[in-house]
Each structure stands twice: as structure tokens, then as C-alpha cells.
Amino acid sequence: NTVISKFRTQLNSLMKTLSDTKTHYIRCIKPNGMKQPRVMENLEILRQLRSGGVIAAIKIASAAYPNKMEHHAVVKRFRNLGIKPDASQDIRTQVTTLLKQALKDFVSP
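Note that the structure is a prediction, hence the values are computed from the model and not measured. (Residues numbered from 1 in each chain as written. Predicted model: local features only at pLDDT ≥ 70, side-chain atom pairs only at ≥ 80, totals over all residues. Heavy atoms only, no water.)

1. Some points on unusual backbone geometry
Consideration 1: Backbone geometry places Lys 35, a non-glycine residue, at a positive phi of 60°.
Consideration 2: Mapped onto the secondary structure, Lys 35 falls in the loop between helix H1 (3-20) and helix H2 (42-51).
Consideration 3: Unusually for a residue other than glycine, Arg 38 sits at a positive phi of about 60°.
Consideration 4: Locating Arg 38 in the fold gives a position in the loop between H1 and H2.
Consideration 5: Take Arg 38: its relative accessible area is 81%, and that puts it in the exposed class. (Helix = DSSP H or I, 4+ residues; strand = E, 2+ residues; numbered from the N terminus. Buried < 20%, exposed > 50% of the residue type's maximum accessible area, 1.4 Å probe, protein only.)

2. Overview of the pattern of salt bridges
Side chains bearing opposite charge may pair, as long as their charged atoms lie close to each other.
Consideration 1: If you walk through the whole model with that rule in mind, you get two salt bridges.
Consideration 2: As a salt-bridge pair, Lys 16 and Asp 20 come within 2.6 Å of each other at their nearest N and O atoms. With Lys 16 and Asp 20 both in helix H1, this residue pair falls four residues apart, about one helical turn. Each member of the pair, Lys 16 as well as Asp 20, is classed as exposed. (Salt bridge = Lys/Arg side-chain N within 4 Å of Asp/Glu carboxyl O.)

3. Regarding helix H5 (residues 91-102)
Consideration 1: An ideal rise of 1.5 Å per residue puts 16 Å on twelve residues; H5 measures up with 16 Å between its terminal C-alpha atoms.
Consideration 2: Considered for burial, the residues of H5 that qualify are Gln 94, Val 95 and Leu 98. Down the axis of H5, the buried side of the element spans an arc of 95°, and every buried residue falls inside it.
Consideration 3: Next to the buried residues of H5 lie helix H4 (71-78). (Expected span 1.5 Å × (residues − 1). Arc of directions from axis to C-beta. Contact = heavy atoms within 4.5 Å.)

4. Details of the packing of H4 against H5
Consideration 1: Packing of H4 against H5 leaves a shortest axis separation of 9 Å and a crossing angle of 40°. Classified by the interaxial angle, the pair formed by H4 and H5 is oblique. Between H4 and H5 lies a crossing of left-handed hand. Taken together, the residues of H5 that come into contact with H4 (itself represented by His 71, His 72, Val 74, Val 75 and Phe 78) are Ile 91, Arg 92, Gln 94, Val 95 and Leu 98.
Consideration 2: Split by residue class, the contact of H4 with H5 holds six nonpolar, three polar and one charged. (Axes fitted to C-alpha atoms, helices over the stretch in contact; angles between N-to-C directions. Parallel < 35°, antiparallel > 145°, perpendicular 65-115°, else oblique. Left-handed = near helix turned anticlockwise from the far one by under 90°. Nonpolar A, V, L, I, M, F, W, Y, C, P; charged D, E, K, R; others polar.)

5. Some details on the environment of Gly 33
Consideration 1: Note that Gly 33 resides in the loop between H1 and H2.
Consideration 2: Note: C-alpha distance between Gly 33 and Glu 44 (eleven residues apart in sequence) is 8.3 Å.

Below, the structure written as C-alpha cells:
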């Protein structure tokens, strides 16, 4: 296996995951194990944030690396990489079209 074949396989997997998922979610943090109001267990909250990837995301964001972008922002920022998406389509379809065109040399059909 070459590096590019591994990259292509991982990129195909990522594209499939992205197309199969919804981007809206709510992450719930339980403030304490006793289910009591106004009680905060800081170590438990920190553990939940770490296991949920929030701490890593904050570190990435604070290092000025974007880790999430709204669909509209992706279209606006990357529309010059390939064909311009059809504005009459929904935004997810526009992003998919744009990414497929931009990554066509890396992603297997």
C-alpha cells in the first residue's frame, strides 16, 4: 500500500461518513452524578468534555485551525476550486457537488 492509496481509502471513508450524517447535534454534559440542582462536579464535567472531544476541539480552534464550517461557508470559501454549485439546489447538495469536483483526483468513483 502506498501513502496515496491509504489517503484515498481514508478520504473515501470520510466522504461516505459525511454524506451519511447530519451536522446538527447537541452535546449534553451532566453536571453531577447525584442529579441535584446547582451541584457541579468539576472533575466529572472535565472527564465528559475530554471523552466527547470538546477539549481537543477547543485546542484545535485556539490554534487557529478550523474544525467545523457551516455549509454556506464551505460553498463560499471553496467555490473557486471546481464547478460552481447550482444555487437552486439545497446547500448540502451544493457542498457535495463542490467537494466531489474539487477532490475528483483523490476519491475513487
